[in-house]
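Descriptive analysis of the structure
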Amino acid sequence: MIETHAFESAEQAQAFLQTLGGYAEPPAVAPLKGEAAHEVAVGPVHAGVIEPGHFRFQCVGENVYNLQIFLGYQHRGVEDAIVQADGNLPRQIALAETCAGDTSIAAATAFAEIIEARDGLRVSARDHALRRLLLELERIANHVGDLGALAGDVAFLPTASFCGRIRGDYLNLTALVCGNRFGRNAVVPGGLRVALTDETRTKILAGLRAAKRDLDAALKLMFESPSVCDRLDGTGVVPKDVAAQLGLVGVARRASDELNGDVLARALIRRKEIDEAHEVVFGLLEEESLWAKDNGQRTMDSGEGPHTANASRDEPRSENSGWAGAASAAPFTAVVATVAAWRGPLVHAAVFDTHGAMRRYKIVDPSAHNWQGLAWALRGEQISNFPICNKSFNLSYCGTDR
Amino acid sequence: MLKALIARLRQGFRTGAFPTKAGPNLPPDFRGRPALDAGLTTDDLARAKAVCPVADALGHDAGGAFLDMGRCTFCGRCAEACPGKIRFTKEYRLGVFTREALVVRAGEAPYEPPRQTNPEACALRQSFQLREVSAGGCAACELDANVLGTLAWDMGRFGIRFVASPRHADAIYLTGPVSPNMQRALEKTYAAAPEPKFLIAAGACAISGGLYAHGTLPAVPALFIPGCPPHPATTLEALLRFTGRETFATTNASRLSSSLSS
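Residues numbered from 1 in each chain as written. Chains lettered and ligands numbered in written order. Predicted model: local features only at pLDDT ≥ 70, side-chain atom pairs only at ≥ 80, totals over all residues. Heavy atoms only, no water.

Overview of the environment of Ala57(B)
All names here are of chain B. Position of Ala57 relative to the elements: it lies in the loop between α2 (42–50) and β2 (58–61). On the basis of relative accessible area, Ala57 is assigned to the buried category, the value being 3%. Distance from Ala57 to Arg71, taken between C-alpha atoms, is 5.2 Å for residues 14 residues apart in sequence. Those residues in contact with Ala57 that lie beyond four places of it in its chain are Cys52, Phe66, Leu67, Asp68, Arg71 and Cys72. (Helix = DSSP H or I, 4+ residues; strand = E, 2+ residues; numbered from the N terminus. Buried < 20%, exposed > 50% of the residue type's maximum accessible area, 1.4 Å probe, protein only. Contact = heavy atoms within 4.5 Å.)

Here it is as structure tokens:
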């Protein structure tokens, strides 16, 4: 989804970007007093192979009274780097893709859509379908991995083992399309650098059917196990009204809106999204008319011209304006792209001047909205419930820190 | 319990044949070690550099044209810009023990991955415990390192594990460019590991900063695993070779390299 907004000054455009939101560290809470009060500090280096963040559990006795989340360890200046790389599309795409590695495809799509809006590039139905296919594979792989990790955290090893492997099966299907397990280096403004041959399409269909069969069995085992369900049920509840007030998005929001907002609800929503994503992917792959005309055409952002091949311009680029498509005569134009990434809506926004030069870039990862949901989920719980609460959200540190 | 057993029977034994019985199952478009043609001109190089997402991954010095795998994201755009002159082979055994060995030169001799000669590293062949430090990257390297613990790769059968504390670790497995806010945490974690210890730099970011500014490493890495992110097969093979172990991949090196170049 693309929106454009015109502004008279850079300050106005900047003020608009700030309305898109982002992570705000909560105000510091005074240390608790009393005999039962104590604090547990964790991180930034954690016990698992995970990203850095610092958590401070303020506890009263056994229970968590408040969880403070300190981020920023992963900050490396992705947004500024994208602005500085203006004019070097391959570098800008690579930077967007590495904002959060598990959301590479969604990020590249959001960035590409912004450039497409600026340059008036039209993307073919086939390329839209291929992007969607990769995006849904990304969604499935991540949800499968998280459900497996959740099973692992409650020591239900069969599903943990199966899902760890099945997640890899989905990543390998992505790699079949573009050579990279995270779908890197595929999406570019105007289309994709890769094509989907009939041979690959057949392989992916077969691979998907096999993986889905294994996956259904693995998830059935987990969700039909009374011990697992009892452990997840009623743990880390974020009620519907709280989710709305905190502005949660994506899986966490759906879990509170459609179900009761506990860890089990977030797990069930993921299972539902896995099924929905499979329907989309099978629908796309089996839609013969979409791929019939596919002669392996690829869009290049390298070689001659910034983007050629099957991307067609709505109208020729005018002499004195950088804008060709959603043309704007305003001094500053903000283009906002929203992509339904697996965690929730991923927002990328760019401010261009009248010549089409990029002046500012902003990324709002869906995680940015959900950290306070995690903190809320832990209220009144024991610290030992943190791993499963955390896993049920699985928020991105690097996507938030940028 | 019975349901779990039935599910296990249906799923079958799924640990891959790599690296004990066969080479890895790589995707058709897998981009491994790059190869530069001896006839690469300065014009070609300029064209390739213009589309390269990383500064200084490609260059020219006294030794001629080079591609630095320590910076490369393996996106393949330079190969598109210079068809026939730059190409990415299917060679996945990319782990090396020195920074210089990551630099690929134009027209160089066929590649053979280095063998471990350091006795301290070879002493770890039975048990190699890693402490991962994620420092400012995008988490793709972390995810594909984690994957080695799953039953599909089952790194544990080789005695290699990621451990919870640096106190238990033989090596620090670093990913990410070392952001300013992780600098101190990385130093402290490295210092907390007992001697003898090694630093492993995994991914373009940890090796050179990649797309980002590079922080300061607490030591000179003893193992470099290039990639963005490195493929799990690349990582596993590198860890085994680093500890002086032979795998199918190394014992059948000649057969494999002939099949790779075809």
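Now that the structure has been shown, we can carry on.
Topic: a nonpolar patch on the surface
Residues and elements named next belong to chain B. A contiguous nonpolar surface patch, about 460 Å² in accessible area, is contributed by Met1, Leu2, Leu5 and Ile6. Secondary-structure assignment places Leu2 in helix α1 (residues 2–11). Leu2 sits in the exposed class, given a relative accessible area of 62%. (Patch = residues over 30% accessible without salt bridge, like charges linked within 9 Å, V, L, I, M, F, W, Y side chains within 5 Å. Areas by Shrake-Rupley, 256 points an atom, 1.4 Å probe, with all protein chains shown as cover. Salt bridge = Lys/Arg side-chain N within 4 Å of Asp/Glu carboxyl O.)

Focus: the nonpolar core
A general tendency of soluble globular proteins is for nonpolar side chains to be buried together. Counting 151 residues, the largest nonpolar core has Ile82(A), Phe111(A), Tyr170(A), Leu208(A) and Leu232(A) as the members making the most contacts within it. Among the elements that take part in this core, helix α5 (residues 125–153) of chain A stands out by supplying 12 residues, more than any other. Grouped together as the second largest cluster of nonpolar side chains are 31 residues, Leu130(B), Met155(B), Ile200(B) and Leu223(B) included. (Core = buried A, V, L, I, M, F, W, Y, C linked by side-chain atoms within 4.5 Å.)

Here we look at the sheet that holds strand β3 (residues 54–60) of chain A
Residue and element names in this part refer to chain A. Spatially, β2-β3-β4 is the arrangement adopted by the 3 strands of the open sheet, whose pairing is antiparallel. The open sheet is flanked by β2 (37–42) and β4 (63–70), the only strands paired with a single partner. Strand-to-strand twist of the sheet, defined as the mean angle between neighbouring strand axes without regard to direction, takes the value 20 degrees. Along the sheet face, helix α13 (residues 367–377) touches β3 and β4 and points at about 160 degrees away from the line of β4. (Pairing = 2+ DSSP bridges. Axes fitted to C-alpha atoms, helices over the stretch in contact; angles between N-to-C directions.)

Observations concerning the side chain of Ser256(A)
Along the chain, the position of Ser256(A) falls in helix α10 (residues 250–258). Among the residues examined, Ser256(A) registers a relative accessible area of 2% and is labelled buried.

Here we look at the side chain of Arg241(B)
Residue and element names in this part refer to chain B. Structurally, Arg241 is set in helix α8 (residues 232–242). Residue classification places Arg241 among the buried positions, given a relative accessible area of 2%. At 2.7 Å, the side chain of Arg241 and the side chain of Glu237 are in polar contact. (Polar contact = N/O pair within 3.5 Å; in protein donor to acceptor, adjacent residues only side chain to side chain.)

Some words on the domain arrangement of chain B
Residues and elements named next belong to chain B. Segmentation of chain B into domains returns domain 1 (34–93 + 101–105) and domain 2 (119–253). Taking only C-alpha atoms, the centre of domain 1 and the centre of domain 2 are 25 Å apart. Opposite the 11 residues of domain 1 that make contact, domain 2 presents 15 residues. Where domain 1 abuts domain 2, roughly 1100 Å² becomes buried across the two surfaces, and 64% of that area is made up of carbon and sulfur atoms. Among the residues of domain 1 in contact with domain 2, Tyr92, Arg93 and Leu102 are the three that bury the most area, contributing 50% of the side total. Taken together, the links from domain 1 to domain 2 amount to 0 salt bridges. Taken together, the residues that form the side of domain 1 that touches domain 2 break down as 7 nonpolar, 2 polar and 2 charged. (Domains from an automatic or database assignment. Buried area = accessible area lost by both parts, 1.4 Å probe. Nonpolar A, V, L, I, M, F, W, Y, C, P; charged D, E, K, R; others polar.)

Some details on the interface of chain A and chain B
Taken residue by residue, the interface counts 58 residues in chain A and 55 residues in chain B. Counting each side, the surface lost to burial between chain A and chain B is near 4400 Å², with a carbon and sulfur contribution of 56%. The largest contributions to the chain A side of the interface with chain B come from Val49(A), Arg165(A) and Arg181(A), which together make up 15% of the buried area. Across the chain A-chain B interface, the total number found is 4 salt bridges. Glu224(A) is the partner of Lys3(B) in a salt bridge, and the nearest nitrogen-oxygen pair spans 3.8 Å. Across the contact surface, chain A and chain B share 19 residue pairs in polar contact (both at pLDDT 80 or more). Of all the secondary-structure elements, those providing two or more residues to the side of chain A that touches chain B are α3 (89–97), α6 (157–178) and α7 (198–223) of chain A. Here the side of chain A that touches chain B takes 13 residues from α6(A), the largest share from any one element.

Quick notes on α5(A)
Residue and element names in this part refer to chain A. For α5, spanning 29 residues, the distance from its first C-alpha to its last is 42 Å, which sits close to the expected 42 Å at 1.5 Å a residue. The element α5 is largely enclosed, with a buried count of 23 among its 29 residues. Backbone geometry just after α5 places Ala155 at a positive phi near 60 degrees. (Expected span 1.5 Å × (residues − 1).)

Re the packing of aromatic side chains
Summed over all chains, the structure comprises 13 aromatic pairs over all chains. Pairwise contacts between aromatic rings join Phe55(A), Phe57(A), Trp371(A), Phe386(A) and Tyr397(A) into one cluster. Here the guanidinium or amino end of Arg33(B) rests over the ring plane of Tyr111(B), the centre of that ring lying 3.8 Å away. Taking NZ or CZ as reference, Lys197(B) lies 4.5 Å from the ring centre of Tyr190(B), over its face. (Phe/Tyr/Trp six-rings, centres within 6.5 Å; stacked < 30°, edge-to-face > 60°. Lys NZ or Arg CZ within 6 Å of the ring centre and 35° of its normal.)

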